[in-house]
Amino acid sequence: MSKSNYSVIGKRVGNVDGVEKVTGGAKYTVDMVLPNMLHGKILRSPHPHARILNIDTRRAEQLPGVKIVLTAKDTLGRKNGIWRNFRDLCDEEILCREKVRYVGDAVAALAATDLETAEKALDLIDVEYELLPAAFDPLDALHDGMPHIHEDFERNMNVYRQIEWGDVEEAFSQCDHIREDTFYCSSQAHGCLEPHCALASFSHDGKLTVWTSTQSAYYTQLLLSDMTGLREGDIKVIKPHVGGGFGSKLSLDSAQYCAALLSMKLTRPVKIVLTRAEEFGATKRRTAIHYKVKLGAMKDGTLVARKVQAITEGGAYTAMGGTALYLTGFFSSFPYKFDHYQYDGFRVYTNNETASACRGFGAPQANFVSESQIDMMAEDLGIDPIELRIKNAITPNHEIPGQATIRSCELRQCLEAIDKWIKERGPLPPNHGIGVSAYGFMSGGIFNWIDTPYAFSSALVKINVDGKVDLFIGANEIGQGSNTTLSMICAEELGVRLEDITLHTGDTSVCPVDLGAWGSRQTLMSGNAVKMAALEAKKQLLEVAFHTLKPNVVYDLDIKDRRVHLAERPRRGISYFDVVKDAIRGKEGQAIIGRGHYTPHGKGMISPAYSFGVQAVEVKVDRQTGKVELKKIVTAHECGQVINPIGLEGQVEGASVMAAGWALTEELKSRNGKILNGDFRDYKMLLAEDVPEMILIEVDSYEPEGPYGAKEAGEGLTVPGAGAIANAVYNAVGVRITQMPLSAEKILQALEEKKRTQKEVDPFEAVA
Amino acid sequence: MYLKCPVCKKEWNASLKVARHIFGNGDKAHRAWVNSQGVSFTDLLIRQATGSGNQGFMVLAKIVESSQDGTSGVAG
Amino acid sequence: MERIISLRVNKEDYKVMVRPGESLLDVLRNRLGMTGTKECCNEGDCGACTVIMGGRAVNACLVLAVEAEGEEILTVEGLARGSALHPLQEAFIKCGGFQCGFCTPGMLMSAKALLDENIDPTEDEIRRGISGNLCRCTGYVKIIDSIKEAASVMRQGESDE
Ligand code: FES
Ligand code: FES
Ligand SMILES: [Zn+2]
């Protein structure tokens with residue numbers, strides 16, 4: 001179907017939650033209050049590694065207003081983790097029993113009538129610790145004789161993953177040129193504006209309701225069931241509006257678990273909101289990674305083989321770090337055709353805050369490394385870096401042995417569009433440079449790590465007598481715009497208007513299961529489920545309309561903008577509203593219901609579809625201070641049929657800025673496991689003043705697996721930024737930074753180093 | 001010449017590839033076999049991670065080669 | 001000890017009991033139930049709690065409730081006129097000036113204070129006007145567009161009057 005035929009999708013419509021969000025009416029978990037509610041607080045370890053000898057809660061319990069203090073003794077003693085079919089990787093008790101493993105590990109939780117009392121009571125809990133030696137650097141932690149952070153994991157080796165195809169060793173021996181480089185990617189805080197929080201209410205009938213800021217209400221329900229012993233069906237998770245996720249609100253967190261436990265013991269509502277310091281120090285963060293990369297090419301620029309080794313700094317627990325480890329390995333081959341590729345990834349426990357999922361999920365790290373090295377290779381070979389990329393770019397229907405089949409891919413067009421933009425930009429002022437990075441990203445992960453028999457996404461559509469449509473989805477809106485996108489898909493498929501759709505979402509007791517917002521899965525996976533549900537409902541209407549309109553076959557009918565008509569002769573039609581009434585009468589008064597679901601099958605190891613793009617960043621480097629100023633960010637990308645353009649652009653812009661912050665200023669500093677800059681004053685996220693002009697170039701593409709040909713966009717744009725900026729800095733002032741972040745100090749240092757070595761070289765040149 | 005994984009009998013054309021497979025699989029049976037050869041699975045993995053070349057995996061590759069004649073015990 | 005103060009919020013008068021160290025933000029959210037104004041860092045670093053007090057944008061988490069006595073306070077809840085949205089609110093919807101929406105109330109109030117001062121700000125002035133407000137979702141581009149759009153609508157409105 002040609003694009004112009006769509007009446008809802010592709011249109012610049014306002015966000016369906018817009019009015020609530022601009023009037024202050026939108027309720028987030030932090031805003032929720034229940035009658036008789038108590039306030040909970042969590043006591044956290046000040047030590048990176050220590051044995052808990054004793055916890056004395058008596059003084060705290062005696063403080064007037066304190067209702068209860070809980071420790072690991074009061075739990076079932078289970079360990080939590082999202083990879084439920086790998087029990088040894090479910091390693092987080094949340095309330096620690098024997099040991100604490102990082103500064104911030106939880107040791108006790110309490111509830112009191114007001115927040116001040118709860119805070120005061122924390123100081124009255126006496127914990128006796130035996131301090132243990134700690135390991136902070138993954139390269140140290142692997143050494144013999146270093147402390148064991150988890151007893152069952154010898155030498156702190158948490159997970160090892162390998163990926164390979166072809167024969168790299170053999171291939172390197174045939175290459176004209178080989179580079180070997182090392183890189184380091186730093187961590188990043190998620191920086192959600194709404195902190196992790198939960199309000200739990202356990203009732204006398206044994207049912208638990210939890211309102212919480214989560215990326216997957218369903219995961220929260222399952223993981224709470226694991227940890228509390230309640231049946232899934234006795235736990236209702238409600239997700240109000242969520243103030244950002246970025247990967248941080250996917251595992252079961254301490255606020256959710258402790259609020260639930262406290263409420264279960266007291267049969268009263270308990271609310272826990274993490275402080276900003278806890279957000280920085282006691283949640284999760286992006287994985288820091290050390291890389292060794294070997295790249296082999298032919299003189300003509302053909303990339304032949306790449307071998308990547310990554311050692312990731314895991315922190316105290318596994319969480320979803322194993323997936324980041326795998327994905328950084330897979331995406332280190334992107335977005336090029338390598339006949340020979342090998343990856344070894346080692347995830348190491350340390351006594352730091354756990355590294356887990358963070359927007360991009362290992363791919364931004366992979367891209368910084370590989371796209372820096374591609375530019376270095378291009379320079380070695382004397383080939384234009386864009387030309388080198390075009391020569392090796394993934395093309396449609398490319399198969400990556402044992403891993404993935406890439407169907408739609410317009411990477412080449414994206415590269416050409418960026419090339420054109422750079423040429424038009426012309427010569428740059430001094431100390432300016434443009435750097436380029438090409439990337440690809442997934443449209444929803446295939447991993448069923450939680451181990452559920454349910455479909456990955458499901459939806460239910462109910463058409464009522466007035467023509468209004470109730471859409472029930474388990475998908476999780478967290479700001480990415482899925483409520484709008486999925487409502488648009490439903491309206492388009494049914495042939496009604498956006499305002500005809502009433503969305504029901506964010507309540508596990510009402511909405512069908514969906515795995516939630518991670519891995520850029522909602523547009524493609526939830527979108528397919530919604531489309532299927534809408535189509536099933538629509539068919540029931542068409543069966544009824546058939547008798548009035550009498551086409552040859554029912555497939556000749558369609559619905560557009562509330563009219564049921566002959567597809568070929570749109571003017572012969574009848575009102576959607578009349579058909580709905582007839583259909584309900586004909587069904588003995590039942591509403592029309594359609595059900596839809598989606599689970600990828602036979603789509604490789606990673607994702608059913610991939611999006612591609614290229615980003616060019618123009619920077620200006622101040623030679624006196626080393627400071628990088630962003631001048632322009634230009635992105636050419638392809639994401640299949642665009643469903644929700646405003647949402648899409650916003651995702652691209654936001655992700656690009658988050659990536660630029662990671663590359664330049666967002667450095668989580670720590671000493672002895674303690675985060676030193678755990679607030680928004682010292683942890684520098686970019687501000688409106690730092691953000692440059694952004695230009696978006698949409699390249700047409702069509703993904704057969706996606707709804708209307710759509711695939712992901714948004715999360716993928718956290719991928720290219722750091723590499724493009726590193727290349728831009730090099731092109732501006734000639735220093736190659738391989739250790740993130742690209743801080744002013746580091747660049748200044750490199751500039752000075754360069755000056756020194758040039759001076760040393762000069763006399764030699766004079767002689768020569 | 002083809003070399004077999006002593007545990008699951010899958011075949012490769014080089015002993016280093018068999019060694020990689022054993023580490024990549026890493027299940028109880030494969031671990032146990034490595035540890036039964038007088039070396040430590042974890043130690044070799046870490047040697048591979050921190051050393052240069054294929055230090056850790058080469059050690060196992062040698063063991064795989066000598067296991068082909070069937071003199072070494074086969075676990076699992 | 002606690003004492004009763006009178007606050008004027010969104011053109012209505014309230015008598016509220018406050019503790020000496022209690023912030024305006026706490027009073028708005030916890031005592032008056034006006035949760036539109038967001039709490040995020042509680043240290044004056046993020047701007048999510050921005051309200052307009054005496055015509056100026058302030059971080060409500062840094063203002064003591066007692067200091068707000070007698071001041072005219074405007075929060076996001078008071079921005080619309082009846083059921084008619086403020087041009088800024090309209091523009092944020094039209095241009096996509098929010099995603100998760102958590103920074104939005106503060107952004108709107110900073111933008112309002114800016115436009116109250118200067119109805120025709122340059123792009124740089126807009127950027128500076130919201131440089132105390134963090135947004136993790138949008139990358140600011142569409143927020144800046146929204147404010148530009150609102151300014152132009154408001155200028156139009158003025159010249160129509
Ligand atoms: S909550 Fe007031 S500035 Fe952050
Ligand atoms: S819209 Fe989420 S922080 Fe701004
Ligand atoms: Zn085997």
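For the structure itself, look to the data block above.
Residues numbered from 1 in each chain as written. Chains lettered and ligands numbered in written order. Predicted model: local features only at pLDDT ≥ 70, side-chain atom pairs only at ≥ 80, totals over all residues. Heavy atoms only, no water.

Visitor: Quick one: what's the story with the arrangement of the chains, residue by residue and with numbers?
Guide: Looking across the two pairs of chains in contact, one finds the most contacts between chains A and C. In this structure chain B stays clear of chain C, and the shortest span between their C-alpha atoms is 36 Å. (Contact = heavy atoms within 4.5 Å.)

Visitor: Let's hear about the interface of chain B and chain A: which residues, and what values?
Guide: How big an interface is tends to be expressed through the accessible area that disappears when the partners come together. Listed per partner, the contact involves 17 residues of chain B and 18 residues of chain A. Counting the surface chain B buries against chain A, the share from its top three residues, Arg20, Ile46 and Ala49 of chain B, is 41%. Put simply, chain B and chain A have four salt bridges between them. Here Arg20 of chain B makes a salt bridge to Asp344 of chain A, at a shortest N to O gap of 3.0 Å. For the interface between chain B and chain A, the tally reads eleven residue pairs in polar contact (both at pLDDT 80 or more). (Buried area = accessible area lost by both parts, 1.4 Å probe. Salt bridge = Lys/Arg side-chain N within 4 Å of Asp/Glu carboxyl O. Polar contact = N/O pair within 3.5 Å; in protein donor to acceptor, adjacent residues only side chain to side chain.)

Visitor: Tell me what's going on with unusual backbone geometry, and back it up with residues and numbers.
Guide: Residues and elements named next belong to chain A. Of the consecutive residues Phe334 and Pro335, the connecting peptide bond is found in the cis state with omega at -15°. The omega torsion across Met740 and Pro741 is -10°, close enough to zero to call that bond cis. Positive phi, normally seen in glycine, also occurs at Asp451, with a value near 65°. Locating Asp451 in the fold gives a position in the loop between β18 (432-442) and β19 (457-463). Not every positive phi belongs to a glycine, and Arg562 is a case in point at roughly 65°. By the element assignment, Arg562 lies in the loop between β22 (557-560) and β23 (563-566). (Helix = DSSP H or I, 4+ residues; strand = E, 2+ residues; numbered from the N terminus.)

Visitor: Before we move on, can you summarise the coordination of the zinc ion (ligand 3) with the specific residues and values?
Guide: Residues and elements named next belong to chain B. Taken together, the protein ligands of the zinc ion (ligand 3) are Cys5 (SG), Cys8 (SG), His21 (NE2) and His30 (NE2), with distances of 2.0 to 2.3 Å. Between the four donor atoms coordinating the zinc ion (ligand 3), the angles at the centre fall across 104 to 122°, so the site counts as tetrahedral. Along the chain, the residues donating to the zinc ion (ligand 3) fall in the pattern C-x2-C-x12-H-x8-H. Taking the relative accessible area as the measure of exposure, Cys5 reaches 0% and is therefore buried. Overall, the relative accessible area of 33% leaves Cys8 in the partly exposed class. (Donors = N, O, S within 2.8 Å, 3.2 Å for Na, K, Ca; no water. Tetrahedral: all angles 85-135°; square planar, octahedral: opposite > 155°, others 65-115°. Buried < 20%, exposed > 50% of the residue type's maximum accessible area, 1.4 Å probe, protein only.)

Visitor: Before we move on, can you summarise the sheet that holds strand β25 (residues 592-598) of chain A with the specific residues and values?
Guide: Residues and elements named next belong to chain A. Pairing is mixed across the open sheet formed by four strands, whose spatial order is β21-β20-β19-β25. Where the open sheet ends on each side, the last strands, each with one partner, are β21 (501-505) and β25. Pairwise comparison of adjacent strand axes, ignoring direction, gives a mean angle of 20° for this sheet. Relative to β25, β19 runs antiparallel, the two sharing seven bridges. Across the sheet, the residue bridging to Ser457 is Tyr598, located in β25. Sitting on the sheet, helix α14 (residues 522-549) is in contact with β19, β20 (469-473) and β25, with an inclination near 150° to β25. Across the face of the sheet, helix α15 (residues 576-586) comes into contact with β19, β20 and β25 while running at roughly 95° to β19. (Pairing = 2+ DSSP bridges. Axes fitted to C-alpha atoms, helices over the stretch in contact; angles between N-to-C directions.)

Visitor: Requested: an account of the nonpolar core, with residues and values cited.
Guide: Trp449, Val729 and Leu742 of chain A, Leu60 of chain B together with Ile147 of chain C are the most contacted members of the largest nonpolar core, which has 237 residues in total. Those residues in contact with Val729 of chain A that lie beyond four places of it in its chain are Val619, Val621, Val628, Gly734, Val735, Leu742 and Ile747 of chain A. If you look at the next biggest cluster of nonpolar residues, it comprises 42 residues, including Ala491, Ala533, Ala583 and Ala710 of chain A. (Core = buried A, V, L, I, M, F, W, Y, C linked by side-chain atoms within 4.5 Å.)

Visitor: Mind laying out empty space enclosed by the protein, listing which residues take part and the relevant values?
Guide: All names here are of chain A. Under the definition given, this model contains seven cavities of 30 Å³ or more. Around the largest cavity, the lining comprises 39 residues; the ones closest to its centre are Gln480, Ser520, Gln651, Ala713 and Glu715. Mapped by element, the contributors of at least two residues to the lining of the largest cavity are α13 (482-494), α14 and α16 (645-664). Its residues placed into classes, the lining of the largest cavity shows 16 nonpolar, 18 polar and five charged. (1 Å grid on protein atoms, 1.4 Å probe; cavity = no way out; pocket = protein on both sides within 12 Å on 5 of 7 lines; lining within 4 Å. Points joined across faces, edges and corners; volume = space filled by probe spheres on them. Nonpolar A, V, L, I, M, F, W, Y, C, P; charged D, E, K, R; others polar.)

Geometry only, nothing functional implied.
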